[in-house]
Structures are given as structure tokens and as C-alpha cells.
Amino acid sequence: MSTFARLPPSGIKVVIVGAGFAGLCAAIECDRKGHSVILLEKVKDVKPLGDLITFDSNGSHVFGQWENVLETLDPLLYKSPGIDYHDWKGQFVTRQNWDADRQIRTRSISGHRGEIHLVILQHALDRGIDVRLGQKVTDYFETDEGAGVVSNGEKIMGDCVIAAEGVKSPGRKAVLGYEDLPKASGYAVYRAWFDSEVLANNPLTKHLVVNGDTHTGWLGHDVHFLATSLKNGKDFSWAMTHKDAANIDEDWQFPGKKEDVLKELEGWSPVARELVKCTPDRNLVDYKLVFRDPLPTFVSSKARILLIGDAAHPFLPTSVQGASQAMEDGVTIAVCLEKSGKDNVAQALRAHEAIRYDRVHRAQMTGVTTREQWHKADWDAIWKDPQSLHFKREAWLLDFDPEVHAYEVFDATFAKLNQASAVEKKQEAFSNGAATLSALPKAVDV
Ligand SMILES: Cc1cc2nc3c(=O)[nH]c(=O)nc-3n(C[C@H](O)[C@H](O)[C@H](O)COP(=O)(O)OP(=O)(O)OC[C@H]3O[C@@H](n4cnc5c(N)ncnc54)[C@H](O)[C@@H]3O)c2cc1C
């Protein structure tokens, strides 16, 4: 038995599918609230894959709630005090200091996605959570009393199922009742992560890695290029977002080709071009960005299956919010289940949706607004007001504690949902001739 802080057992059994940041966070938060968790992940051998990811303060705050996690992450994280923006030709425009965000409660954290993920997975295992790797879920089902999945041919039941299996979510069909394929966003990102030694020995790029961590951006029409050094300049990561007409099918991640990147960067800063030339071929990825219109609901018809994270709402990287919002989802459902109790699990899932729906879609849109802010920049206006280029750091989004918020709004949300259910029941009874119109409560807006 682990010694981590947790509430007394709630008796609620939660089956979670997918151990990305959404599923892991939901698992850890449900464990903190005393629910019993089975976490199923199709990958058998989790490896530190990917490249740079940033959790802004609304997400990093959640890590701070978990014993020793921020301390373990610290040596892996980027420490640059700000970002230097340039125009595409390489002329310096402005520096955005992260210190200027001091009013935002917690610092944001950036590091290698795979390395951060392994720390969180280890925390879940240390807590004693029942994490089952190599489990591919192929089917979902629900009854009035619970829900379950078929994983590697075996039925696994719980009081509810949380589908956190990312953009390709098979759980979405179980919730929506129809296939809803992701769409191409019209953009793609070339991404790379590699050891910076090759840059330290190059006069054009040396300054980005030899004096500790740096963060640099070059912005042009419909293209932006961001470069980051971390671990005291030892590791290097860059990402270039650009227009892309490719149609997505089953896969949207491919090996990248340096000549394609350099073609996009014709006439660009010699430093940015040199970063591309120095990138080892095997470390370059061409990632097509997919998008999805807001789903009508995150909850199945009997409200026993819930979509969270990218399964419910994929994010563009320019919002720098997808993973943080996935974490907010995990925190919120754990609180809703705690507050509703085992007898009201379906209402807990509906309450989660009511609490999350507007906020998460508002956050999702920032991915488009930031991209347009940079890609469609009016450079005459920017040279007059360079700070207008700064990445927007808005308090409504970042200075937010999803746990406090869920506790604050749960009771009112739950009461409204119950009132709405009462209206529905009476309307049903009325249409069956069992009630009079005057007996109907006033409809409520949830
Ligand atoms: C290029 C790029 C850069 C990004 N950068 C940032 C950033 O800097 N900051 C940020 O906040 N967000 C960023 N995002 C968004 C962020 O990565 C996602 O929003 C977030 O990781 C979603 O987490 P998730 O757990 O919902 O999904 P995923 O990370 O996709 O996890 C889903 C998990 O479910 C498992 N799974 C899938 N199907 C099954 C099945 N049938 N059975 C069992 N398991 C299954 C998968 O193996 C996987 O482990 C970026 C996105 C992209 C594309």
C-alpha cells in the first residue's frame, strides 16, 4: 500500500483508456480522491518519444499537487527567462520575458514530452495505481449501472469509463453513435530534437547553446519557426509550422526531409536555416496538424462513458494548451465523481461536461488566434509596437486551478442538472398523459 495522500475509498471504480497526459492525470486525480482505478494503455513498452512540450501554469500547477513530481522534473526542464522574436530575415524585434508574467501564479514548464511523460507514469505506478500496459481497447459498452470495455478480448467493467485515447479515439463512436474523423487543419509542423554539440561547434548557431538555455522565434508570412535549447543548452529542439495541403488518412506523422524545410525557409534568417542543416536526418519529423469541430457532447447516452483530452478536443500546438487542458479534464472528473458519490456517477459525468465544455473550447480557439497573430502579422504595425507580437498570456486561461474551480461550481452545476432531469421526467410523464402542464417545473439552462 502506497503512502500518498488520498481521500477515503469512494467505492467508485473507474476504467480509464489511454495513458497519455489526460489518462494519467485522470488516474492520479481519481486515486487522490479515493476512487479505484484501472488504467489501460495499448503501448506495451512506453519509451520517451517526441520532442518539446510546454505546460502552462494551469497545467503545471497540477503537477505541483503530486508528491515530489515537480522536484523530479526540474533537472529536465527548460530554464530560459524569455523568448527573442525576430522577423523571418533574422532581424531582432522584441524579447518577451516570462518574468513579466509574475501575476500568473505558477511557472510554466517545458521539456521533452517523453521524459516528462515517464516521470508522471512512474508517479502513477509509485502510487500503486493498476496500470496495465499492452492493453488495446477495441470496444466500449454501457448499462444503466456501469460501463466497460473489451481489452485484448477481455471484458473489464467499472462504474464508468473514461476514454482518453487521443485524437484517434475509438471511444468517440461509443459516445457520439457515429464515426467522426479528424480533419486536416491546413497546417503541418516540422519538428526536431537532438544533442546540441553540433550547434556549439558552429559559429552561426553557437550563441543559442553555449550560455545556457535560450528560446528564439523567427516569424514570417504563414510560417513560424521556434527554437529552444534546454538542460543548460545541451539538448536542442525546433519546430516550424507552415501551410500544408496534404490530406490526412490513417497517419499524419512522417519522416521529414531537410530539403523540404529549407525550401519553405528560402530567404529566411541564416541562423534558422543553419539549425535545419545541422539537424540529424533521423531526428526530423513531418507532423500534419489535425483538427476537429467541437463535439456536441463528451458524454455517452447513458452518461457512463466520458471523453477527455484530445479524444474530446484536439488542440493545435500554437495554443500551447492541449496537454494542460487534458490535465484540467482529469482533475475535474475526479472532483465530480467525489462530490456526486457512487449513486450519481452518471450525473458526475454530465457535470464534468457542463463545467468543462465552454472553457475548453475557448482555450482551443487560442491555437488559431496565436497562429494568425504571427502568420498574418502586419509588420509596419509591429515595428511601431513590437510587443504586439508577444504570445498572449491571459489570466482567465493561465491563472486557473481546475480543482478549486470544480469544487466551487460543482454543487450549483449538479443542482441545475437534477432540475433539468426533473423537467425531462415530468415532460415524459406529461406526454404519457400522467401529469398536468402546471405541474411542470420551469426549464433550466445548464
Ligand atoms: C506537434 C504538437 C505539439 C504540441 N505541443 C504542445 C505543447 O507544447 N503544450 C501543450 O499543452 N500541448 C501541446 N500539444 C497538444 C498535446 O500534445 C495534446 O493535447 C495532449 O498530449 C493530449 O493528450 P491525451 O492524453 O489526450 O492524448 P495522447 O497523448 O494522444 O494519449 C492517448 C493515449 O491513448 C493510447 N491509446 C490510443 N488508443 C488506445 C486503445 N484503443 N486502447 C488503449 N490505449 C489507447 C495511446 O497509445 C496514448 O498513449 C501539441 C500537439 C502537437 C500535435
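These numbers were taken from a predicted model, which means no experiment stands behind them.

A. How the structure looks around the overall build of the chain. Of the regular secondary structure elements, the chain holds 13 helices and 18 strands. For 446 residues, the compact-globule estimate of 2.2 N^0.38 gives 22 Å, and the C-alpha radius of gyration of the chain, at 23 Å, lies within 12% of that figure. Expressed as lengths along the three principal axes of its C-alpha atoms, the size of the chain is roughly 80 × 50 × 45 Å. With 446 residues in all, the chain has 54% of them scored as buried. Expressed as a percentage of contacts within the chain between residues at least 6 apart in sequence, the contacts between residues at least 24 apart total 74%. Element-wise, carbon and sulfur atoms account for 51% of the exposed surface of the chain, whose accessible area totals about 19800 Å². Taking the 52 positively charged and 62 negatively charged side chains of the chain as two groups, their mean positions are separated by 1 Å.

B. Broad picture of the pattern of salt bridges. Using the criterion set out here, one finds 30 salt bridges in the structure. The partner of D56 in a salt bridge is R393, and the shortest N-O contact between them spans 2.7 Å. Here R393 lies in the loop between α11 (379-384) and α12 (395-398) and D56 lies in the loop between β3 (52-55) and α2 (57-63), a separation of 337 residues in the sequence. Among the residues examined, D56 registers a relative accessible area of 3% and is labelled buried. Each of E115, D195, K231, K234 and D235 takes part in a single network of salt bridges with overlapping partners.

C. Highlighting the nonpolar core. If you look at the biggest cluster of nonpolar residues, it comprises 79 residues, and the most contacted ones within it are F55, F63, W66, I116, I120, V149 and L337. For V149, the contacting residues outside a window of four places in its chain are V15, V17, L40, V137, D139, Y140, F141, E154, K155, I156 and V161. Core analysis: the second largest hydrophobic core is formed by 23 residues, M240, L265, W268 and V271 among them.

D. Here's a closer look at the environment of V62. Here V62 is to be found in helix α2. Along the chain, V62 and A326 lie 264 residues apart, while their C-alpha atoms are 11 Å from each other.

E. Spotlight on the sheet that holds strand β9 (residues 147-151). Here we have three strands laid out as an open sheet, ordered β8-β9-β10, and antiparallel in their pairing. A strand with exactly one partner marks an edge of an open sheet, and here the two such strands are β8 (137-142) and β10 (154-158). On average, adjacent strands in this sheet sit at an angle of 20° to one another, irrespective of strand direction. In this structure, β9 lies alongside β10, joined through five bridges in antiparallel fashion. Bridging across to β10, A147 finds its partner in G158.

F. Spotlight on the site of the ligand. Residues in close proximity to the ligand total 30 residues, the closest being E41, T54, R113, D310 and A323. Residue K42 places a main-chain N or O atom 3.1 Å away from a nitrogen atom belonging to the ligand. Between the ligand and the protein, one listed contact pairs a nitrogen atom with a backbone N or O atom of V137 at 3.0 Å. Going through the elements one at a time, α1 (21-32), β2 (36-41), β3 and α9 (322-340) are the ones with two or more residues in the shell around the ligand. Ranked by the residues each element gives to the shell around the ligand, the list is headed by α9, at three residues.

Cut-off values and rules
- Residues numbered from 1 in each chain as written.
- Predicted model: local features only at pLDDT ≥ 70, side-chain atom pairs only at ≥ 80, totals over all residues.
- Heavy atoms only, no water.
- Helix = DSSP H or I, 4+ residues; strand = E, 2+ residues; numbered from the N terminus.
- Rg over C-alpha atoms; globule rule 2.2 N^0.38 Å.
- Buried < 20%, exposed > 50% of the residue type's maximum accessible area, 1.4 Å probe, protein only.
- Contact = heavy atoms within 4.5 Å.
- Areas by Shrake-Rupley, 256 points an atom, 1.4 Å probe, with all protein chains shown as cover.
- Lys, Arg positive; Asp, Glu negative; His and termini not counted.
- Charge placed at Lys NZ, Arg CZ, Asp CG, Glu CD.
- Salt bridge = Lys/Arg side-chain N within 4 Å of Asp/Glu carboxyl O.
- Core = buried A, V, L, I, M, F, W, Y, C linked by side-chain atoms within 4.5 Å.
- Pairing = 2+ DSSP bridges.
- Axes fitted to C-alpha atoms, helices over the stretch in contact; angles between N-to-C directions.
- Near = heavy atom within 4 Å.
- Polar contact = N/O pair within 3.5 Å; in protein donor to acceptor, adjacent residues only side chain to side chain.

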